[in-house]
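Survey of secondary and tertiary structure
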Amino acid sequence: MAQIQEIKAQGMDTKKFIEEKVEEISSLVGQGTAINALSGGVDSSAVTMLGHRALGDRLKTYFIDNGIMRQGEPQKIVDIFKKLGVKVEITNAQDEFFRALKGLIDPGEKREAITQTFYKDVFGRLVTQSGAKHLLQGTILTDVDETVAGIKRQHNVFEQLGIDPQSTFGYKIIEPLIQLRKDGVRKVAEALSLPESIFNRMPFPGPALSARVIGEVTPEKINTVRIATRIVEEELSFTKAFQYMAILHNDRVTGMREGKRDFGLQIEIRCWDSVDARKATPTELSYETLKKLSGRMLSQVPGVVSVTYNIASKPPSTMEAI
Ligand code: XMP
């Protein structure tokens, strides 16, 4: 497999990069059509804009509502892109994802179930319906590195693992951002006229909130971690940290409520300082901030009796808990 040539953000000719990628997408898709899934993260947003520049209406963009996204996310993203003149269709696939995740506790198996549901079931169906032969997606170099190194199987990496999407799923995958890391993608996204709320958006993993539930993923647990995520995002946006998150643990711990024993839930908060996600250190949050977070978790997330802040660095930690 040919080595992917990294393009570093520093010194990158962003305008030239965009022109080349638009040209590449046009020539690969030819007169055909392509689809892409927009999650609202900076990577898939940049790919959506590149694809639309290259193909116009011949790119159909979908938001896959997998039931494991953050609160209000599908409509919020559709509205942002509407303002940019890009039509995004929401596809409801909630039941499919929860069915695929049912009973799984191993992190690798959970990731694999999400990968298969996205690529085989949902995209397979959308490709058949639309007649598209290509899927555009925002894989970046860090996704490939960690997957190939066997650290974490990112949901969107195939060819580097020896999986041919054409024979496995029935369509070709185009990855215009594969030579970049997050900082490079942000530059490209800004140059593509995306709003700052997108080009500076905090990273969010493809497996979404299921990466933040340790153990089996159920609609109830997703609901719990979704509330905790909203609180963390509201309370920590001022930090400008690289990424912050709430994780729902599987183990329960003894607490008390209304004078009675309550075998309750544990939420772990992580907040990372990092440049490109390869290494990361926990942000030195003030005790005031931690107390505010803990107070809101205990009073606003049903069932929570324990709140912790992670103080390990990556490596050996990873940023997400699964
Ligand atoms: P880790 O947990 O590997 O995360 O230290 C590094 C960065 O990658 C994000 N991440 C993912 N992104 N699909 C993605 O698109 C995934 O499966 C995935 N897993 C982790 C994570 O949020 C962090 O920014």
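Preceding this section is the structure that the text describes.
Residues numbered from 1 in each chain as written. Predicted model: local features only at pLDDT ≥ 70, side-chain atom pairs only at ≥ 80, totals over all residues. Heavy atoms only, no water.

**Remarks on the overall build of the protein chain**
Along the backbone of the protein chain there are 11 helices and 10 strands. Taken along the three principal axes of its C-alpha coordinates, the protein chain extends 70 × 40 × 40 Å. Carbon and sulfur atoms make up 51% of the accessible area of the protein chain, which totals about 15,000 Å². Each charge class in the protein chain was averaged separately, 43 positive and 41 negative side chains, and the resulting centres sit 2 Å apart. (Helix = DSSP H or I, 4+ residues; strand = E, 2+ residues; numbered from the N terminus. Areas by Shrake-Rupley, 256 points an atom, 1.4 Å probe, with all protein chains shown as cover. Lys, Arg positive; Asp, Glu negative; His and termini not counted. Charge placed at Lys NZ, Arg CZ, Asp CG, Glu CD.)

**Side note on unusual backbone geometry**
Of the consecutive residues K314 and P315, the connecting peptide bond is found in the cis state with omega at -15°. You can see P315 is positioned in the segment after β10 (304-309). That bond from P315 to P316 is cis: its omega, 5°, falls within 30 degrees of zero. For K240, which is not a glycine, the phi torsion comes out positive at approximately 60°.

**A short note on empty space enclosed by the protein**
Inspection of the entire model under this criterion finds 2 cavities of 30 Å³ or more. Estimates place the volume of the largest cavity at around 890 Å³. Considering the residues around the largest cavity, the lining is formed by 45 residues, among which D43, H155, F204, P205 and G206 are closest to the centre. For the lining of the largest cavity, the secondary-structure elements that each account for two or more residues are α2 (42-55), α5 (107-130) and α6 (141-148). Looking at the lining of the largest cavity element by element, the count peaks at 4 residues for α5. When the residues that make up the lining of the largest cavity are grouped by side-chain class, the tally is 19 nonpolar, 14 polar and 12 charged. Each of two domains, domain 1 (14-199) and domain 2 (213-309), supplies a minimum of three residues to the lining of the largest cavity. If you add up the space inside the second largest cavity, you get close to 30 Å³. Lining of the second largest cavity is provided by Q137, N156, F158, E159, Q160, P165, I173 and E175. (1 Å grid on protein atoms, 1.4 Å probe; cavity = no way out; pocket = protein on both sides within 12 Å on 5 of 7 lines; lining within 4 Å. Points joined across faces, edges and corners; volume = space filled by probe spheres on them. Nonpolar A, V, L, I, M, F, W, Y, C, P; charged D, E, K, R; others polar. Domains from an automatic or database assignment.)

**Things to note about helix α4 (residues 94-101)**
Listing the buried residues of α4 in full gives E96, F97, F98 and L101. Looking at the buried residues of α4, the elements they touch are β2 (59-65), α5 and α10 (219-236). G103 sits one or two positions beyond α4 and adopts a positive phi of about 80°. (Buried < 20%, exposed > 50% of the residue type's maximum accessible area, 1.4 Å probe, protein only. Contact = heavy atoms within 4.5 Å.)

**Comments concerning the sheet that holds strand β4 (residues 134-136)**
Backbone hydrogen bonds are what pair the strands of a sheet, in a parallel or an antiparallel way. Read from one edge of the open sheet, 5 strands run β3-β2-β1-β4-β5, paired in parallel fashion. Looking at which strands have only one partner, the edges of the open sheet turn out to be β3 (88-92) and β5 (172-174). With strand direction ignored, the average angle separating the axes of adjacent strands in the sheet is 35°. As paired strands, strand β1 (residues 34-37) and β2 are joined by 4 bridges and run parallel to one another. Looking at the pairing, A34 lines up with L59 of β2. Against the sheet, helix α3 (residues 73-83) engages β2 and β3, with an angle of about 165° to β3. (Pairing = 2+ DSSP bridges. Axes fitted to C-alpha atoms, helices over the stretch in contact; angles between N-to-C directions.)

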